[in-house]
Each structure stands twice: as C-alpha cells, then as structure tokens.
Amino acid sequence: MKAITEPARRSRLWLRQQGLGVKTWLRAAVFAGLLHTLSVIVQMALIAWLVQAVLVAQLPYAELLWPGAALLLAIGFRALAQAAQERCGQHASVRVRQNVREQVAMRWAVLGPVRMAVRSSAALTNQWVEQVEALDGYYARYLPQQWLALLSPLMILLLVFWLDWLAAVFLLVSAPLIPLFMALVGMSAEKVSQQHVLEAGRLAGHFLDRVRNLTSLQLFGQVAAATLSVEQAAERYRAVTMRTLRIAFLSSAVLEFFSSVAIAVVAMYIGFGLLGYIDYGPAPQLTLFSGLLILLLAPEFFQPLRTMAQSYHDRAAALAAADVMAELQSAEAGSVQDEDRIAGDPHGISIERLALDYPGRGRVLHDLSLTVARGAVVAITGPSGSGKSSLLHCLAGFVPVSEGSIHIFARQPGQQPIAWLGQRPWLVHGSWAENLRLTAPQAEHDAMLQAIEAVGLGALLAAQPQGLNTPLGEGGRGLSGGQAQRLALARVWLSKAELVLLDEPTASLDAHSEAEVITALRALADSGKTLIVATHHPAVLALADHRCLLEQGRLVHV
C-alpha cells in the first residue's frame, strides 16, 4: 500500500486541528447515533415479537396494544435521535467553517495586499467559498459516521451473537471486506478530488480573466479564441467532476454488493434453519422471533457502513481543500514575526536591521535601521526602484519583513490603525460625506467641515449646491487631481491613525495643485500626526524634519 506523503500527512493534521474545537459536538453526534442504533434494535425486536405473537402465539389483539404503543415510541425516538445527530454534526461543521474563514482572513491580512496582489481574485474567492464549504460534509457527516460505522455494527453483532452465533459469524466475515475495498477505491477518490479542487480554481480564474479583458479581446478580434479557451477549461473541469462522481458511485456499488451478498447468506441460513433443513450449530434453536429479528437487523448492521460510504467522498473533498489551506498556513508561518519580542519605544518608531525579499526579485531592502520620533515628518527619497515604496509597505504591514524588526509605538505593523495615501486617492461613487466617513464612520458634520477647512477645500465645498451631500463620481470624478488628493487628506485628518504613510502624494500634479496639497500636508503635520513620505519632489522634501536617502535598498544617509 502506498505510503502517506508529507502533504497528505499535513492535510490530515490540519483537519484534526480544526476538529479540536468542536470535539464536544462531534461526541454528542456519535452519542445520538448510538441512541439511534439502540432505538432501531428495540424497534426491530418489537416488530419480531409482534409477528410471533400474531402468527405463532395467536394472542388477542387487546394484549398487543401496549407493545404496539412501545413500537410507535421507538419509531419516534429513532427519528429524534437521528435529528439530534444531524443537528450536532451541522453545528460542529458551522463552527469549523466559521473558524477556518476567520483563519483565512487573518492569513490574508498577514500576507498583506502586496503579496496578495499576485494571487487571482477568482482563486481567492474559490478558496473562501468552495474550499471552505468542502469541509461541511467531513465534520457534519463523515467524522461522526466514522465512529458509528464501528460502534453501531458492534452493538448489533453482540445481540446477533447472543441470538445465534453462526449468523453473527456470517456478518463478521463479510464486514471487513467492505472497508478494505472502500479504502482501495478511496485512494483514487482522494487524488481525483485534489485535481477537482485545482481545476475549479483554474476555471474560475480563467473565466474572470477573460471577462475583465473583454474589451481588449473585442478590439483585437480574439473573442472567438477566448470563448474556445473557456470552453476547453470547462470541458476539463467537467471531465474531472465526472471522474469524481464515478468513483463515488463505485464506492457505493462495492458496499451494496458485499452487504447484499451477506444479507442473502443470512436470509438463506435462517430460512433453511426454520424449515429444519440445517441442523448444524445453533440452527435447531432458531425461532420465528430470533430468526426474524436477526433478519431485520442484518440490513441495519450494514447501514452505518453504507452511510459512511455515501459521505466518503466528503472526506476526499475535505482532504483536497485542507491541502491548500495547510499550504497557506505553512507559508504564513515563515512570514509572521514573533509577537513576544515586541518592545520598542511607545513614543516613536524603530526599524532595526530590516531586510525584505520578494519572490523572483531577491532582496530589495538591506540591513536598514532607522528611528522616528512621534510627531516627526520624515521624507524617504531616492531614485526609482531604490525601495521607498517597499519600506512603506513594511511599515504599513502590507508585507512581512524577511529579517529584522519594526516597532511602531511599541507595536508591530498591522496591529494599530495607519493612514495611507498613494499617488491616486481611492474615492468611491457617493457624496463628499460618504467618502470622508470611510475612515471615520461616526464622524459628525462639524468635524467633517473642520477637516475640509484644514486641507483648504472650504471655499470649494461652499460653492457646492448640496454641501457635504454633493455627489462625486467613481475615483473622484468632478474634482481635479489636487482637489481629490486633498479630500483624501481630509479623510486622513478624520481618522484616528497616529501614523500617516504617503507614497509620492504629489506625483502627476501640476505646480498649482502640488502647492495646495503641500499646504494641506503642512496642516496635517501641525496636527501632531507622524508623517513618513516617500518622495523626490523638492517642495515636499522641504516639509520634512529629517530626510533619508535610499540607494539600491540601502540607507546611505539620514
């Protein structure tokens, strides 16, 4: 048998770790399943007793009322136990999926928007929705049923052994063949399910990429070729899906075959034993009650295994999803800084021996150390490609550092709010007030007016017919570049962030707009916030208390 590979072992460990928090619910589901099995035994025993009472003992119907009522109670209790098992399993599944989505969101936050930008949004959506949902059947059905497939048949086997040990031997001999052949089928199911998850992510990314570039495809006359490529990707996904379903049906067919053969053998033994054709072993002691009870319990003996077979593909799907989740977790483990090492100055920012590597680009920042006092204005300058934006990304927590440490007011990047302003401000389709409240949802009307005045947009706002309710287009349409930048600065003004990071805030602005933005920046600096600006514009450099020169990722002058 093929040895378990390291990725498979990692996936199983990851699934086991996720299940630790819902152990109580999983055990409750198993307990409810055992109660369900017990109610089945009682139900079948009452049915066998009633049949013997009517056909053999010929008891009057009045004496059958209480056993009949007990049978109805057993049926009702069986339904309640089954509902409780499903409810507990579903609760465990919901808790696990919620926790996994929280973990995924935290890992995405740790990786940061820069590293996440290289990942397809369709693949991320597939991971957030489809792959997390693939865990549902594993925790809701498969894990509880895994124990019930062992314990429930054992309960029935003990009772059958007490009634007729030869019939129990027939069941016991056939039982191990089922998991053996299911395991052989399951090896292929796991591999195909992993391919199914991979193809689903590829198809989603492939389709979304074509939709996003539909205009370019039309301009260059490539719509037919793009349509054909999507059709081919969909066909590959269909083929993988059909292989997955074929294996799922094959595992069910294997179980049905062996269980049917075993039940048929038991039925023949009981029939011939009751007719007196078999005198070997306990056959002469068979009665209508014991024989009928064994016959009724034989299908129930295989039912837990049959139910597990129905959810066996859930295990394969969960292992395939866990392989991706565990890989993301291991990638994160190497990039997260140790929070226990946090010290730093609560009144400043310290960067110690910072180094940053980008996949495919190598090291972009080398052994960089810097200290910034609270309330200071620091300008980071240098030629294009020297690492200015990368340093800001590290300070913002957008990317984890490769070596060294960063302490921002005695905390790590990403653990406190920061304000970010790039070359093109992000403004949404909505009013001035709605754009300002993106960083301060509870901002009052007077506070927004004060922020507008502070960045020099008071006269422009006064000329608007609806004031703060004046609508803006997507990206700030209706405002000039300098006005949009200052509106974004007003949003920074309203935020509670003590650190403001600015990446070329005056790039692509004319001289007049640049002067307006610099005036707004000076007012922002006077408010007590700490500003770190990546720029090479002399007018912005004049604002700074300190200037740092970067060359090829190295700090050469402070």
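Only a predicted model underlies this, so the values are computations on that prediction, with no experimental measurement involved.

Engineer: Looking at this structure, I do not really get the overall build of the protein chain. What am I missing?
Structural biologist: Across its full length, the protein chain carries 18 helices and 11 strands. Considering only intrachain contacts with a sequence separation of at least 6, the fraction spanning at least 24 residues in the protein chain is 80%. Within the structure as shown, the protein chain displays about 28,500 Å² of accessible surface, and the carbon and sulfur contribution to it stands at 61%.

Engineer: Got a minute to help me understand unusual backbone geometry in this structure?
Structural biologist: Leave glycine aside and you will find that most residues have negative phi; peptide bonds, for their part, are mostly trans. With a phi close to 40°, D367 is a non-glycine residue in the positive phi region. Inspection of the secondary structure puts D367 in strand β2 (residues 362–373). Residue D367 is classed as partly exposed on the basis of its relative accessible area of 45%.

Engineer: Would you take a moment to explain the confidence of the model for the protein chain for this structure?
Structural biologist: Confidence along the protein chain averages 80 in pLDDT terms, with 86% of residues attaining 70 or more. The least confident element of the protein chain is helix α7 (residues 177–212), whose mean pLDDT is 64; the most confident is helix α2 (residues 23–57), at 92. Contacts for the low-pLDDT stretch residues 332–342, under 50 throughout, to residues beyond four places or in other chains number 19 contacts.

Engineer: Would you take a moment to explain the nonpolar core for this structure?
Structural biologist: Considering soluble globular proteins, one finds that nonpolar side chains tend to be buried as a cluster. With 56 residues, the main nonpolar core has W14, L15, V100, L135, V160, L171 and I294 as its most contacted residues. Among the elements that make up this core, the one with the highest residue count is helix α10 (residues 288–310) (10 residues). Apart from the residues lying within four places of it in its own chain, the contact partners of I294 are V160, L163, D164, A167, V266, I270 and L286. V500, L502, V540 and L541 belong to the second largest nonpolar core, which has 42 residues in total.

Engineer: Can you help me understand the side chain of Q145 in this one?
Structural biologist: Assignment of secondary structure puts Q145 in helix α5 (residues 136–163). A relative accessible area of 7% means that Q145 is categorised as buried. Setting aside residues up to four positions removed in sequence, Q145 forms contacts with Q85, P304, T307 and M308.

Engineer: How should I be thinking about the pattern of salt bridges in this particular structure?
Structural biologist: Two side chains with opposite charge may pair up if their charged atoms get near one another. All told, the structure shown has 9 salt bridges when counted by the stated rule. R97 is the partner of D136 in a salt bridge, and the nearest nitrogen-oxygen pair spans 3.6 Å. Of this pair, D136 sits in helix α5 while R97 sits in helix α3 (residues 65–116), placing them 39 residues apart in sequence. Both residues of the pair, D136 and R97, belong to the buried class. The residue R353 makes a salt bridge to D367 at a minimum N-O spacing of 3.4 Å. Pair noted here: R353 is in strand β1 (residues 348–358) and D367 is in strand β2, with a separation of 14 residues, a long-range link.

Engineer: Help me understand the packing of aromatic side chains, please; the structure alone is not making it clear to me.
Structural biologist: How two aromatic rings sit relative to each other is set out by the distance from centre to centre and by the angle between their planes. Enumeration over the complete set of coordinates arrives at 6 aromatic pairs. Summarising the aromatic geometry, the rings of Y138 and Y142 are spaced 5.7 Å apart at their centres and angled 20° between planes, so their arrangement reads as stacked. In this pair, Y138 and Y142 are both assigned in helix α5, 4 residues apart and thus about one turn of the helix distant. Here F170 and Y269 contribute two aromatic rings whose centre-to-centre distance is 5.6 Å and whose plane-to-plane angle is 75°, an arrangement assigned as edge-to-face. Taken together, the residues span a long stretch of sequence, with F170 in helix α6 (residues 165–174) and Y269 in helix α9 (residues 223–275) at a distance of 99 residues. Residue Y269 is classed as buried on the basis of its relative accessible area of 4%. An aromatic cluster of at least three residues, connected via ring pairs, comprises Y138, Y139 and Y142. Across from the ring centre of F409, 4.1 Å away, lies the NZ or CZ of R374, which sits over that ring.

Engineer: What exactly am I supposed to notice about the packing of helix α16 (residues 481–494) against helix α17 (residues 511–526) here?
Structural biologist: Packed helix pairs are specified by the crossing angle of their axes together with the interaxial distance, meaning the distance between the axes. Relative to each other, α16 and α17 sit at 10°, their axes nearing to 9 Å. Between α16 and α17, the interaxial angle falls into the category roughly parallel. Here G482, Q485, R486, L489, V492 and W493 of α16 lie close against α17, whose contacting residues are S513, E516, V517, A520, L521, A523 and L524. Looking at the contact of α16 with α17 residue by residue, the classes come out as 8 nonpolar, 3 polar and 2 charged.

Engineer: Sorry if this is basic, but what is going on with the pairing of strand β3 (residues 377–381) here?
Structural biologist: On a regular strand, each side chain points to the face opposite its neighbour's, so the side chains alternate between the two faces of the sheet. Burial runs high along β3: 5 of the 5 residues are buried. Every second residue of β3 is oriented toward a common face, with V377, A379 and T381 on one face and V378 and I380 on the other, all of them buried. Bridging between β3 and strand β9 (residues 530–534) involves 4 bridges; their strand directions are parallel. Bridging from a neighbouring strand, A379 pairs with V533 of β9. As defined by bridge partners, β3 adjoins strand β10 (residues 546–551) across 4 bridges and the pair is classed as parallel. Following the sheet pairing, A379 is matched in β10 by R547.

Engineer: I would appreciate a short explanation of α17 in the present structure.
Structural biologist: An α-helical turn contains 3.6 residues, so a residue and the one three or four places further along point in the same direction. Over its 16 residues, α17 extends 23 Å from the first C-alpha to the last, a length consistent with the 22 Å expected when each residue adds 1.5 Å. Buried residues of α17: S513, E514, V517, I518, A520, L521, L524 and A525, and no others. Seen along its axis, α17 keeps its buried residues to an arc of 165°; they face one direction. Exposed residues on α17 whose side chains face more than 90 degrees from its buried face are A511, H512 and D526.

Engineer: Before we go on, may I ask you to explain the sheet that holds strand β4 (residues 403–408) in this structure?
Structural biologist: Strand-to-strand pairing in sheets goes through backbone hydrogen bonds, with the strands running parallel or antiparallel. As summarised here, the arrangement of the 3 strands in space is β2-β1-β4, forming an open sheet in which the pairing is antiparallel. The sheet is open, and its two edges are formed by β2 and β4, each paired on a single side. Pairwise comparison of adjacent strand axes, ignoring direction, gives a mean angle of 20° for this sheet. Pairing of β1 with β2 involves 8 bridges; the strand directions are antiparallel. The residue of β2 that forms the bridge with I349 is V372.

Engineer: How should I be thinking about a nonpolar patch on the surface in this particular structure?
Structural biologist: A contiguous nonpolar surface patch, about 530 Å² in accessible area, is contributed by F161, W165, V169, V173 and Y280. Ranked by residue count, the leading element in the nonpolar patch is α6, at 3 residues.

Cut-offs and rules
Residues numbered from 1 in each chain as written. Predicted model: local features only at pLDDT ≥ 70, side-chain atom pairs only at ≥ 80, totals over all residues. Heavy atoms only, no water. Helix = DSSP H or I, 4+ residues; strand = E, 2+ residues; numbered from the N terminus. Contact = heavy atoms within 4.5 Å. Areas by Shrake-Rupley, 256 points an atom, 1.4 Å probe, with all protein chains shown as cover. Buried < 20%, exposed > 50% of the residue type's maximum accessible area, 1.4 Å probe, protein only. pLDDT = per-residue confidence, 0-100. Core = buried A, V, L, I, M, F, W, Y, C linked by side-chain atoms within 4.5 Å. Salt bridge = Lys/Arg side-chain N within 4 Å of Asp/Glu carboxyl O. Phe/Tyr/Trp six-rings, centres within 6.5 Å; stacked < 30°, edge-to-face > 60°. Lys NZ or Arg CZ within 6 Å of the ring centre and 35° of its normal. Axes fitted to C-alpha atoms, helices over the stretch in contact; angles between N-to-C directions. Parallel < 35°, antiparallel > 145°, perpendicular 65-115°, else oblique. Nonpolar A, V, L, I, M, F, W, Y, C, P; charged D, E, K, R; others polar. Pairing = 2+ DSSP bridges. Expected span 1.5 Å × (residues − 1). Arc of directions from axis to C-beta. Patch = residues over 30% accessible without salt bridge, like charges linked within 9 Å, V, L, I, M, F, W, Y side chains within 5 Å.

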